[in-house]
Amino acid sequence: MSKLVTIYGGSGFLGRYIARRMAKEGWRVRVATRRPNEAMFVKPYGTVGQVEPVLCNIRNEASVAAAMQGADAVVNCVGTFDIGGKNNFEAVQANGAARVAKLASGAGIQTMVHISAIGADENAESVYAQTKAHGEASVLEHMPNATILRPSVIFGAEDQFFNRFASLSRLGPILPVIGANTKFQPVHVDDVAAAAVKGVLGEAQGTYELGGPDAMTFRELMQMMLGVIQRRKLILNIPFPIARIMGFVFDMVQIVSGGLIKNPAATRDQIKSLRVDNVVGEDAQTLADLGIRPVAMEAVLPDYLWRFRPSGQYAAIKDSAKNLRA
């Protein structure tokens, strides 16, 4: 019988790409998710019965243990941007990661891949970065041979980075950003998935920082995005002192609403993260060490951002028509 991998968060943005790749490798894939009925789209990634979504809440020890029963390897992709509520940073990124690793070790599973993030640091200002570091430490405590992947901002068709700002660009002549001079090194989602697969197959060892071929400032990334969607906007950098006040207001709105208002423009914790460059370290193991050549943003962004162009799907036709008139 083929081997089995359990992917926690396997129906999420990154998890679905890992699931697809693992199915192509011939593995049986168990996609552990809180809403399996909404994850049926993963089933066609393999043959009948090869990829199956199962109910799992990473905060619940019994469901985590049940999801990995009989597995040969586990991958933890679960993360959050919520600082409050039940699924907060500590519950998901620290305690959740520790729970998966502890139970995997107890079950005799030898292989684990854990998705963290560049900037994971227990001494960071950001609670997000702190809990990512705590999660890494717990994983390595229980699974010393685990592969840790630390991606920069991940881009791809379902991302919440370029899609979000492209959508905002339609609201007016100004595109506000916080930390315009902060550097990022966006990495394509399928490159991160390829690295995770190498970890499952035993072709990776240790901690890797994953970034694409280009390190650019936030402003430069927005300029690239605006060029792709054919919109001219003024990119306005919001100074950090003002951003902190905005973050406080957004956080209070979220608290007063009892969590009903989610995904605010920026939280105080996100603003703290934006003060620090998010690029691959000079001495880090990278995609190159895994034999993976990263995909450039310009090769992919037009494939999914075209819908934000003023003419949408007809933009290319209009451009051709202009050439004919000329």
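Residues numbered from 1 in each chain as written. Predicted model: local features only at pLDDT ≥ 70, side-chain atom pairs only at ≥ 80, totals over all residues. Heavy atoms only, no water.

K.L.:
Hey, could you run me through the packing of aromatic side chains in this one?
P.N.:
Within the structure shown, the criterion is met by 10 aromatic pairs. With 6.4 Å between their ring centres and 80° between their planes, F155 and F162 make a pair best called edge-to-face. Summarising the burial analysis for this pair, F155 and F162 share the class buried. The interplanar angle of 70° and the centroid separation of 5.7 Å between the aromatic rings of F161 and F165 together place this pair among those described as edge-to-face. (Phe/Tyr/Trp six-rings, centres within 6.5 Å; stacked < 30°, edge-to-face > 60°. Buried < 20%, exposed > 50% of the residue type's maximum accessible area, 1.4 Å probe, protein only.)

K.L.:
Honestly, helix α1 (residues 15–24) in this entry has me stumped. Any pointers?
P.N.:
Spacing of three or four residues puts side chains on the same side of an α-helix, whose turn is 3.6 residues. The buried fraction of α1 is high, at 7 of 10 residues. At its buried positions, α1 is contacted by β1 (4–8), β2 (28–33), β3 (51–55), β4 (73–76) and α6 (189–200). After α1 finishes, the residue G26 shows a positive phi value of roughly 95°. (Helix = DSSP H or I, 4+ residues; strand = E, 2+ residues; numbered from the N terminus. Contact = heavy atoms within 4.5 Å.)

K.L.:
Got a minute to help me understand the sheet that holds strand β5 (residues 111–115) in this structure?
P.N.:
Paired through backbone hydrogen bonds, the strands of a sheet run either parallel or antiparallel to each other. Taken together, 7 strands build an open sheet; the order of strands is β3-β2-β1-β4-β5-β6-β11 and the sheet is parallel. The open sheet terminates on both sides in strands that have one partner only, identified here as β3 and β11 (207–210). Neighbour-to-neighbour, the strand axes of this sheet turn through a mean angle of 20°, independent of strand direction. Examined bridge by bridge, β4 and β5 share 4 bridges and lie parallel to one another. Along β5, the bridge assignment pairs V74 with M112. Here helix α3 (residues 89–106) sits on the sheet in contact with β1, β4 and β5, set at roughly 175° to β5. (Pairing = 2+ DSSP bridges. Axes fitted to C-alpha atoms, helices over the stretch in contact; angles between N-to-C directions.)

K.L.:
Can you help me understand a nonpolar patch on the surface in this one?
P.N.:
Among the surface-exposed residues, I245, F248, V249 and V253 lie close enough to one another that they form a single nonpolar patch of about 350 Å² accessible area. Looking at where F248 falls in the secondary structure, it is placed in helix α8 (residues 240–256). Residue F248 is classed as partly exposed on the basis of its relative accessible area, which comes to 41%. (Patch = residues over 30% accessible without salt bridge, like charges linked within 9 Å, V, L, I, M, F, W, Y side chains within 5 Å. Areas by Shrake-Rupley, 256 points an atom, 1.4 Å probe, with all protein chains shown as cover. Salt bridge = Lys/Arg side-chain N within 4 Å of Asp/Glu carboxyl O.)

K.L.:
For this particular structure, what's the right way to read the pattern of salt bridges?
P.N.:
When their charged atoms lie close together, side chains carrying opposite charge are able to pair. Following the criterion strictly, the structure yields 6 salt bridges and no others. Ionic pairing is found between K102 and E61, a salt bridge with its closest N-O pair at 3.6 Å. Linking K102 in helix α3 with E61 in helix α2 (residues 61–67), this pair joins segments that are 41 residues apart in sequence. We classify E61 as partly exposed; its relative accessible area is 40%. R150 serves as the salt-bridge partner of E136, at 2.8 Å between the closest nitrogen and oxygen. Of this pair, E136 sits in helix α4 (residues 127–142) while R150 sits in strand β6 (residues 147–151); the two residues are 14 residues apart in sequence, bridging distant segments of the chain. There is no split in this pair, since E136 and R150 are both buried. Look at the salt bridges and you will find they share partners, linking E136, R150 and E209 into a network.

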